[in-house]
Amino acid sequence: ASRVRHPLLLLITDGIPTVPKWTVDPLADALEAARQVARARIPFGCIGLQPSRRYLAELTRAAGGTLHVVEELDEQSLVHIAHTERRRRMRWAR
């Protein structure tokens, strides 16, 4: 019955979908999930690794979000990106 005032979905991934949800194709399922995020108008940010950049860019476009590519998924980088995304979303929410 209640909703979060300023939601933000951050996906932290190696960019390699391995488990399907609706079909036998985990890549297609991940793209469908991204389209559902866009339809629900949920702010989306994706943090992923360089080798998967092309797929993550496609996923992020489908979700209508922002992509952050990092060399490693280390805590300092993840926290910095999370804070950056939160500040960006708060400015847009005003």
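My aim in this report is to walk through the structure given alongside it, one point at a time. Keep in mind that what you see is a predicted model, and the values were worked out from it rather than measured.

### Thoughts on the sheet that holds strand S3 (residues 66-70)
Pairing in this open sheet of 3 strands is parallel, and the strands run S1-S2-S3 from one edge to the other. Looking at which strands have only one partner, the edges of the open sheet turn out to be strand S1 (9-12) and S3. Between one strand axis and the next, the sheet turns through 15° on average, direction left out of account. Of the pairings in the sheet, the one linking S1 to strand S2 (residues 44-49) comprises 4 bridges and is parallel in character. Following the sheet pairing, Leu10 is matched in S2 by Gly45. Helix H2 (residues 53-63) rests against S1, S2 and S3 of the sheet, and its axis sits at about 175° to S2.

### Considerations on H2
Inspection of H2 places Tyr55, Leu56, Leu59, Thr60 and Ala63 among the buried residues, and these make up the whole buried set. Summarising the axial view, the buried residues of H2 lie within an arc of 135°, below the 170-degree limit, and thus occupy one face. More than 90 degrees from the buried face of H2, the exposed residues found are Arg54 and Arg61. Count one or two residues on from H2 and you reach Gly64, which has phi positive near 70°.

### Here we look at the pattern of salt bridges
Inspection of the entire model under this criterion finds 3 salt bridges. Among the salt bridges present, the one from Arg39 reaches Glu32, with a minimum N-O distance of 2.9 Å. The exposure class of Glu32 is partly exposed, given its relative accessible area of 24%. The shortest N-O distance in the salt bridge between Glu85 and Arg88 comes to 2.7 Å. Taken together, the residues span about one helical turn, with Glu85 and Arg88 both in helix H3 (residues 75-93) at a distance of 3 residues. Classification of Arg88 as partly exposed rests on a relative accessible area of 22%. Each of Glu32, Arg35 and Arg39 takes part in one network of salt bridges that share partners.

Rules used in this analysis
- Residues numbered from 1 in each chain as written.
- Predicted model: local features only at pLDDT ≥ 70, side-chain atom pairs only at ≥ 80, totals over all residues.
- Heavy atoms only, no water.
- Pairing = 2+ DSSP bridges.
- Helix = DSSP H or I, 4+ residues; strand = E, 2+ residues; numbered from the N terminus.
- Axes fitted to C-alpha atoms, helices over the stretch in contact; angles between N-to-C directions.
- Contact = heavy atoms within 4.5 Å.
- Buried < 20%, exposed > 50% of the residue type's maximum accessible area, 1.4 Å probe, protein only.
- Arc of directions from axis to C-beta.
- Salt bridge = Lys/Arg side-chain N within 4 Å of Asp/Glu carboxyl O.

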